[in-house]
Amino acid sequence: MYVVMVTPEIAPAAKVGGLADVVHGLAREVGLRGNAVETVLPFYDCLRHDQIHNLEKTFEHLWVPFHEMWIHCDVYTGDVGGVRTHFIQPHSHHDFFNRGGFYGQEDDPARFAFFSRAALEFFLKSGRNPDVIHCHDWQTGLVPVLLHEVYGALGLVHPRVCYTLHNIDHQGVTGADLLRDVGLVPEALMHPDRMQQHDDPGAANLMKGGIVFANFVTTVSMRYAEEIRGTDLGRGLQGTLDAHARKLGGVVNGIDYGTWNPEIDPHIPCRYSVDNVAEKFRDKTALRHRLMLRDSFRPIAAIVSRLDRQKGVDLMRHALFYALANDCQFVLLGTSPDPEITGHFLELKEHLNENEDCHLEIDYDEELSHLIYAGADMMVVPSAFEPCGLTQMIAMRYGTVPVVRATGGLADTVADANHSDKPFEERTGYTFEDFSPEGLESAFGRAIGLWYRFPGYFHQLRLNGMYRDFSWKNPGNDYINVYEHIRAR
Ligand code: ADP
């Protein structure tokens, strides 16, 4: 099978968040199973060139129609962590991808609408006819629309489209004129059951277009698939998702076992596996020394997260004080693009500066995150919503017991030690339903209590998590099944 991913991100060359890791992990896994896999991205000026090997110009003079003109593009191809990746570089006064960053520009919808058209033009002109085009998030929502409305008639009749929603909070809502700019007919698409924004009849919704025109739509957990279809978490797309429910599915992301593996992790001083998990204690000591926490007989609870309302910043603060009041040390590693939230956590850090039982690191530090996953006893993830979430899976891989709000992928991947209907050996952590301080305490209190009173049970919970398979093996199977399903139709 020949699969091409059209995506705004791929780790580690162009990464903003989890989407980049998912595209890389999935592309590698599908490739390892004997399929031909390529990815297509914009040639951002902020690409990490140290993470792209053998980059060379492979296609010249790609002319892409846009807003009554033709934009001249070149295509460069290189290797990103074992994945063959094409970067489309337009040359025009728009300077679409020379902005010093990935997103956050006023013309983001135009930038990525152009990219979607350019990717299809590249397939057409370079003679590529993939079996499956896999697109990701709102930035590439126009790909299936353009394929259906324009490129099928030009000869791209073969590809089927799988469209994955990583986060429905960003949908690419824009003026309908943009559709004309990329060669579509707004009058044909601006209907409630096509691309019209539900609460603004003059606006087009790019993600909605992707959902309507793709052959299959996935999101990153079963629970999130239900939540966005049936509750406000759909952010206005509930009706569209419900109407297309027969082609909607959930696949929990994998984590990269090359990066996240306590047996070989170069960032932790003491490596361990299920056979010698007691060794984890030495990483706990190293974490304490690194963050100047005192050595004492008590558990360490941690948070590694973007500091964002979605992630439950108020509950994080509550978790910190609850931990300190209940003989538990606390470590937080996080950053926020919001100066108000950053200021709040910096104040908290200063206020607690002398406290030997907690440390707040307001920074992005990949290496320190490894030591925290290895050295902590519990990982707290109090999200308001969470499409999938990687931190809880990484924590379990490192024998660190997750304490999570039961939403989205957190609900699908963590089984509560006391209340789950699964057998004990499949229970891996603590969950709570209510997004409130009381809700958090109901789970966190049980975790701390078990650590003190029943260390043998706590040890078993750690092992249960470590025995779970969070590699790309299962999600890889699921996506290949989706690809085969849409090809057969
Ligand atoms: P999201 O993609 O919504 O931010 P995920 O749980 O899917 O959340 O992925 C978060 C990833 O980013 C995890 O690998 C986590 O370890 C990492 N991460 C988040 N904040 C930091 C930080 N401040 N320093 C290092 N790694 C971080």
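A quick note: this is a predicted structure, and the numbers were derived from the prediction, not measured. Per chain, residue numbering runs from 1 following the sequence as it is written. Two thresholds apply to this predicted model, a pLDDT of at least 70 for residue-level local features and 80 or more for giving and counting side-chain atom pairs, whereas whole-chain, interface and lining totals are computed over all residues. Just so you know, side-chain values use all the structure's heavy atoms and leave hydrogens and water out.

**Observations concerning the pairing of strand S6 (residues 132-136)**
Step number 1: The cut-offs for exposure are 20% and 50% of the maximum accessible area for each residue type, with area from a 1.4 Å probe on protein chains only; residues under the lower value are buried, those over the upper are exposed, and the others partly exposed. Each helix is a run of DSSP H or I of at least 4 residues and each strand a run of E of at least 2, with the numbering of both proceeding from the N terminus. Of all 5 residues in S6, 5 are buried; the element is thus mostly enclosed.
Step number 2: Here S6 shows a buried face lined by Val 132, His 134 and His 136 and a second buried face lined by Ile 133 and Cys 135.
Step number 3: Here, a strand pair is defined by DSSP locating no fewer than two bridges between the strands. Examined bridge by bridge, strand S1 (residues 2-6) and S6 share 4 bridges and lie parallel to one another. The residue bridging Val 3 from the neighbouring strand is Val 132, located in S6.
Step number 4: Following the chain from S6 across helix H3 (residues 142-154) to the adjacent parallel strand S7 (residues 160-165), one finds a crossover that is right-handed. Orient the strands so they point away from the viewer, and a crossover whose first-strand-to-second-strand path over the helix runs clockwise is right-handed.

**A closer look at the packing of helix H15 (residues 437-453) against helix H16 (residues 455-467)**
Step number 1: To obtain an axis, a line is fitted to C-alpha atoms, over the contacting stretch when the element is a helix, and the angle between two such axes runs from 0 to 180 degrees between their N-to-C directions. Look at H15 against H16: their axes get within 5 Å of each other, and the N-to-C directions meet at 120°. Viewed along their axes, H15 and H16 adopt a mutual orientation that is oblique. From H15, Ala 447, Leu 450, Trp 451, Tyr 452 and Arg 453 reach across to H16, where they touch Pro 455, Tyr 457, Phe 458, Leu 461 and Arg 462.
Step number 2: Of the residues belonging to the contact of H15 with H16, the class tally is 8 nonpolar, no polar and 2 charged. Orientation categories follow fixed angle ranges, with anything under 35 degrees roughly parallel, anything over 145 roughly antiparallel, 65 to 115 roughly perpendicular, and all other angles oblique. By the convention used here, residues are in contact when the closest approach between their heavy atoms is within 4.5 Å. Note that Gly is not counted as nonpolar here; it falls among the polar residues with everything else outside the nonpolar set of Ala, Val, Leu, Ile, Met, Phe, Trp, Tyr, Cys and Pro and the charged set of Asp, Glu, Lys and Arg.

**Observations concerning helix H9 (residues 280-291)**
Step number 1: One fewer than the residue count of a helix, multiplied by 1.5 Å, yields its expected span. With 12 residues, H9 ought to run about 16 Å at 1.5 Å a step, and its terminal C-alpha atoms sit 17 Å apart, in line with that.
Step number 2: Three or more residues of H9 are buried, namely Lys 280, Asp 283, Lys 284, Leu 287, Arg 288 and Leu 291. Buried positions in H9, seen along its axis, are confined to an arc of 145° and lie on one side of it.
Step number 3: As for H9, its buried residues are in contact with strand S13 (300-306), strand S14 (329-335), strand S15 (358-361), helix H12 (366-375), H15 and H16.
Step number 4: Directly after H9, the chain includes Met 292, whose backbone phi takes a positive value near 55°. Here, the arc refers to the directions that run from the helix axis to the C-beta atoms.

**Structural notes on H16**
Step number 1: For H16, built from 13 residues, the straight-helix expectation of 18 Å at 1.5 Å per residue is met to within 8% by its first-to-last C-alpha distance of 18 Å.
Step number 2: Of the surrounding elements, those touching the buried residues of H16 are H9, strand S16 (378-381), helix H13 (391-397), strand S17 (401-405), strand S18 (430-432) and H15.

**Here we look at empty space enclosed by the protein**
Step number 1: Using protein atoms alone on a 1 Å grid, points that fit a 1.4 Å probe yet trap it form a cavity, whereas open point sets bounded by protein on both sides within 12 Å along at least five of seven lines form a pocket; residues with an atom within 4 Å of a point count as lining. Grid points are joined across faces, edges and corners, and a volume is the space filled by probe spheres set on the points. Going through the model one piece at a time under the given rule, you end up with 1 cavity of 30 Å³ or more.
Step number 2: Quantified by volume, the largest cavity comes out at close to 40 Å³.
Step number 3: What lines the largest cavity is Phe 43, Gln 89, Pro 90, His 91, Ser 92, Asp 95, Phe 96, Phe 97 and Asn 98.
Step number 4: When grouped by side-chain class, the residues that make up the lining of the largest cavity number 4 nonpolar, 4 polar and 1 charged.

**Remarks on the sheet that holds S15**
Paired through their backbone hydrogen bonds, the strands of a sheet run either parallel or antiparallel.
Step number 1: The 6 strands lie next to each other as S15-S14-S13-S16-S17-S18, forming an open sheet whose pairing is parallel. With partners counted over all chains shown, the strands left at the sheet margins are S15 and S18, one partner each. Direction aside, neighbouring strands of the sheet carry axes that sit 15° apart on average.
Step number 2: Relative to S16, S13 runs parallel, the two being bridged by 2 bridges. Bridge pairing in S16 places Ala 301 opposite Met 378.

**Observations concerning the environment of Ile 228**
Step number 1: Looking at the secondary structure, you find Ile 228 in helix H7 (residues 222-230).
Step number 2: Sequence separation between Ile 228 and Gln 51 is 177 residues; the distance between their C-alpha atoms is 35 Å.
Step number 3: Once you skip the residues sitting within four places of it in the chain, Ile 228 turns out to touch Leu 165, Ile 168, Thr 219, Leu 233, Gly 234, Gln 238 and Leu 241.

**Overview of the domain arrangement of the chain**
Step number 1: Per the domain assignment, the segments making up the chain are domain 1 (2-254 + 473-487) and domain 2 (277-467).
Step number 2: Here domain 1 and domain 2 have C-alpha centroids that lie 34 Å from each other.
Step number 3: Between domain 1 and domain 2, the contact holds 17 residues from the first and 14 residues from the second.
Step number 4: By buried area we mean the combined loss of accessible area, with a 1.4 Å probe, across both parts when two parts are placed together. Both faces combined, the contact of domain 1 with domain 2 buries some 1100 Å², and carbon together with sulfur accounts for 60% of it.
Step number 5: A pair is scored as a salt bridge if a Lys or Arg side-chain nitrogen falls within 4 Å of a carboxyl oxygen belonging to Asp or Glu. Remark: the boundary between domain 1 and domain 2 carries 0 salt bridges.
Step number 6: Counting of polar contacts relies on pairs of N or O atoms within 3.5 Å, with two restrictions inside protein: one atom must be capable of donating a hydrogen and the other of accepting it, and residues adjacent in sequence are counted only when both atoms are side-chain atoms. Where domain 1 packs against domain 2, one counts 6 residue pairs in polar contact (both at pLDDT 80 or more). Where a domain begins and ends is set by an automatic assignment or by a domain database.

**Some remarks on the pattern of salt bridges**
Step number 1: Considering all chains together, one arrives at 25 salt bridges under this definition.
Step number 2: Arg 99 serves as the salt-bridge partner of Asp 107, at 2.8 Å between the closest nitrogen and oxygen.
Step number 3: For Arg 99, a relative accessible area of 23% puts it in the partly exposed group.
Step number 4: Asp 377 is paired through a salt bridge with Arg 462; the nearest N and O atoms lie 2.7 Å apart.

**Examining the environment of Ala 417**
Step number 1: Turning to its location among the elements, Ala 417 is positioned in the loop between helix H14 (408-413) and S18.
Step number 2: Once the C-alpha coordinates of Ala 417 and Gln 171 are considered, the two residues, 246 residues apart in sequence, prove to be 37 Å apart.
Step number 3: If we ignore the near neighbours within four places in the chain, the residues touching Ala 417 are Arg 427, Gly 429, Tyr 430 and Leu 461.

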